Every structure is written in C-alpha cells, then in structure tokens.
Amino acid sequence: MGPALKKCKREETPGESKRFSGCVKVEAVVPLDVQGPIQLTQVVVAGIADKKQISKVIQLLSLHASVRELQHLKRVRKVAVDGKENVLVYIDYARKYGCLRESITSKNNLERLSDNETKAVKTLLEKSGISTEFFASDYYVSNVPVHPPKLRERYELSTAYWPCSFHEDMYLSQLVHSTLFTDKDKTDIMNYMNESFEVAKTGKMKGQREVGVVIVDPESNKILARVHDESSSHPLCHAVMMAIDQIAVLQGGGAWRHLHRKEYLPLGEAVNSSKANDEEEKALCDRTEPSFSGDIQGAGSKQAYICTGFNVFVNREPCMMCCMALLHSRVNRIFFSDLNQKEGALMSKTRLHTLSGINHRFEVFRVYEADRENL
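Residues numbered from 1 in each chain as written. Predicted model: local features only at pLDDT ≥ 70, side-chain atom pairs only at ≥ 80, totals over all residues. Heavy atoms only, no water.

1. Let's talk about the layout of surface pockets
Counted only if it meets this: Cavity: a set of points on a 1 Å grid over the protein atoms alone where a 1.4 Å probe fits but cannot get out. Pocket: an open set with protein on both sides within 12 Å along at least five of seven lines, its lining residues, like those of a cavity, having an atom within 4 Å of a point. Grid points are joined across faces, edges and corners, and a volume is the space filled by probe spheres set on the points. Only DSSP runs of H or I covering at least 4 residues are called helices, and only runs of E covering at least 2 are called strands; the numbering of each starts at the N terminus. Basically, the charged four are Asp, Glu, Lys and Arg, the nonpolar ten are Ala, Val, Leu, Ile, Met, Phe, Trp, Tyr, Cys and Pro, and anything else, Gly included, counts as polar.
In this model, the largest pocket occupies a volume close to 300 Å³. P31, L172, L175, F362 and E363 are the residues nearest the centre of the largest pocket, which is lined by 16 residues in total. Contributing elements (two or more residues each) for the lining of the largest pocket: α4 (170-176) and β11 (363-369). Top contributing element to the lining of the largest pocket by residue count: α4, with three residues. Its residues assigned to classes, the lining of the largest pocket shows ten nonpolar, two polar and four charged.

2. Section: the sheet that holds strand β9 (residues 311-316)
Short version of the rule: Pairs of strands are assigned from DSSP output, requiring at least two bridges between the strands. Whenever a helix is involved, its axis is fitted only over the stretch in contact; in every case the axis is a line through C-alpha atoms, and angles between N-to-C directions fall within 0 to 180 degrees. Contacts were defined at the residue level, with two residues in contact if any of their heavy atoms lie within 4.5 Å.
The strand order β1-β11-β10-β9-β7-β8 describes an open sheet built from six strands, whose pairing is mixed. In the strand order of this sheet, the two ends are held by β1 (24-28) and β8 (222-228), each with one partner. Taken pair by pair, the neighbouring strands of this sheet meet at an average axis angle of 20°, ignoring direction. Pairing between strand β7 (residues 212-217) and β8: six bridges, direction antiparallel. If you follow I215 over to β8, its bridge partner there is A225. Its contacts with the sheet place helix α6 (residues 239-250) against β7 and β8, and it is angled at close to 135° to β8.

3. Concerning empty space enclosed by the protein
Under the definition given, this model contains four cavities of 30 Å³ or more. Computed from the structure, the largest cavity encloses a volume of approximately 130 Å³. What lines the largest cavity is a set of 14 residues, and nearest its centre among them are R209, V211, H238, R316 and P318. Secondary-structure elements contributing two or more residues to the lining of the largest cavity are α6 and β9. Here the lining of the largest cavity is built from residues that sort into seven nonpolar, two polar and five charged. By volume, the second largest cavity is sized at about 110 Å³. Of the residues that constitute the lining of the second largest cavity, the class distribution is seven nonpolar, three polar and three charged.

4. A short note on the nonpolar core
The criterion, for reference: Grouping buried Ala, Val, Leu, Ile, Met, Phe, Trp, Tyr and Cys residues that are joined through side-chain atoms within 4.5 Å yields what is termed a nonpolar core. Exposure classes here rest on a 1.4 Å probe applied to the protein chains alone. A residue is buried below 20% of its type maximum, exposed above 50%, and partly exposed in between.
V213, I215, I247, C307 and I334 are the most contacted members of the largest nonpolar core, which totals 35 residues. Listing elements by their share of this core, those giving two or more residues are β7, β8, α6, β9, α9 (320-328) and β10 (333-338). Filtering out sequence-adjacent residues up to four positions away, V213 remains in contact with V199, A225, R226, V227, A239, V240, A243, V312, F313 and V314. By size, the runner-up hydrophobic cluster in this structure holds 24 residues, among which are F20, A28, L172 and I189.

5. Quick word on the side chain of T132
Relative to the elements of secondary structure, T132 occurs in the loop between α2 (115-127) and β6 (135-145). Among all residues touching T132, those that are not within four sequence positions of it are K122, L125, E126 and Y139.

6. With respect to the environment of H177
In plain terms, the rule: Polar contact criterion, stated in full: a pair of N or O atoms within 3.5 Å, where within protein one must be able to donate a hydrogen and the other to accept it, and residues adjacent in sequence count only if both atoms are side-chain atoms.
In this fold, H177 is placed in the loop between α4 and α5 (183-205). Overall, the relative accessible area of 37% leaves H177 in the partly exposed class. Within polar-contact distance, the side chain of H177 engages the backbone oxygen of S173 at 2.9 Å.

Take a look at the structure:
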C-alpha cells in the first residue's frame, strides 16, 4: 500500500445556498487588454524635417527599425507642437535608447528629450543605418497603446495616444456587450446554474464543500453529468474533477467509478440507448469493470474526446487544477457564479483561458442576477 493520502484542506464556502429566480446577466470574462485602462508603452518620436520625404522615412524605418509588436500603430502622427503642426514618426521603443519616463502628462502626449539623450539617439540611429538628416532637431518620448484595439470604444481611447489601424471584432463585441445570448438562452443558462446550486447544496448536506457542477451537451441540451464535491474521499476529487470523470465513465473509462452516485449518472439521457441495455447500465452503476460501448453525442462527433464541445456550469469559480482539467478535456464554455478570491483561475487570481501558449481555447462567463450587478 502507498502512503496515506493527506486530508484536503477545507475552505470557507458561501453561507446560504442560493437560486436564481429573476433575470440573470451573463458576463463574458475576456482578456484584460479588452477591458480596463489602455495598456501603454513608450517610444522615441521625431519630427520629419520635410513632409515630402514622409514615404521615404517610413520605408527607411520599416527596413531598419521595424517594431513587430506595434504593427497596429500608424507610423506617423500629426500634432501641434509649440503652436505649429508637425508630422511626427515613431522610431522604436524608448527603453532601447535608455530614455524612459516615469510618466508623460503633457496634453499632446510628448516629452522632449534632453540634448544628451538626443545626441545618444542620433548616434544609435546612424549606427543602425538610419540617416538623421530626415528628422527635425527635436526628439520626444510618447505613450502608445500596446495592444491593437478590437472594439470601437477601445479604438477611440487608443487613438487619443497615437493613430491606430482598426478592424472591429464583431463577435468579441457581442461578448463584451452581453448581446450574444437570447432571452431563451439566458433562461436555459439560469436553469442549468440552478441545477449546479442544487447539487452543491446536496454535497454540503453530506459534509462536502458546497460546489456543484453540471455538464451539458449544447447540441441536445441534455445534462450529461451532475456532480458535487467529494474531496473528503480524495483530495483531488473536486466537483469539476468528478464531473469530468463522470463523462469518462459514460464513455467507458473513469478513474473514480466507485465514487459516482447512481442518481447522478444520467444514462438514459447521455448514452446511445441502442447500444446500452439494462445489464450494461446496472454494471456501470455497480462500479464494475467497463462494459459500456455506447457513444456520447457531443460536438457533432460520435466519439468526441471527453468533454469536447460541452458546456460546464459550476456554482463557484474553479481552481487552477480544475481549470487545467477542463482545458485538457476540450470544453466549449464554462459558466460560474461565485468568485473564488483565494484560488479562482478564471477571473479572481488569473484568467487561464486568455493566456498565451495554451493548446485549447474556451469561453468563460460569470452569471449573476441582474439586480446584483454591482456586487
């Protein structure tokens, strides 16, 4: 026998079980660069001495000082400096020339470089093959937006700093402005969330943490898994982990078959009944070795990988372990209600689904009653 398993550390859970009864708001949890203050960086800027040479200057900079991360910025900007209209061009990151500023507070978003800084910048430009004869005598530092704007309101905020290219992401706009779901969709979401509250309440009554999960096939609108926390049996048996495992059980696998309660295995709805008879159902519910050969109908495939295309409803924001399990299970969307300030990985501590480098993308939504929007 292996070493004894450590008891799962208990957390505080919401005091009273709740249930949505009125209208709900379904708010998309999107990347931070889509909401909140515009993220800025600083660049070195120079005036173009002869406006007739604008095209030649842009070509020269594109060849010797192309800034791949700032391709969303237009290279030039017209701005009034000392009462005169100037055509400015950004050259490169200010940090590259050692002239970063703690802040830039001028109305025209420019701060003039000192004589020594200007001399250093010119020297580096000449070494890079960029002739300084095309530029006016004064050089500046300016704030520019880090990310390309994808929403109309973000574009308007970004261009206050520097002109940008803009191609509106209409689907993202629907997500951010909460216009993606119809009233019927919201009613369905509310009902599934209420299911997660009910199963969480059942878990609490049995001495578990008050967390419940419902997994739904959006193509058929059928509940495939309905599970509460079982971490008193095993520290890894969080509700989300149990729900994923229950889907695996329905596909003939599963690691914790002995923990799944018969009343929570919706075989009649989730399994292809033409391939599943009473004996197979009994064998599965009795936690024997897999004998089931039916298919889960999900994501348009008869043999989809675990949770591919499924929607997950959980009353409480999942931890990183559970979120990674959902990611690797290829879920479609995750809906949750209560924030998990201590270890929530979808909104509170981080936003896993928005990080670069992950091998699967899914959407996340927070659901709450419309009249509690500010809570």
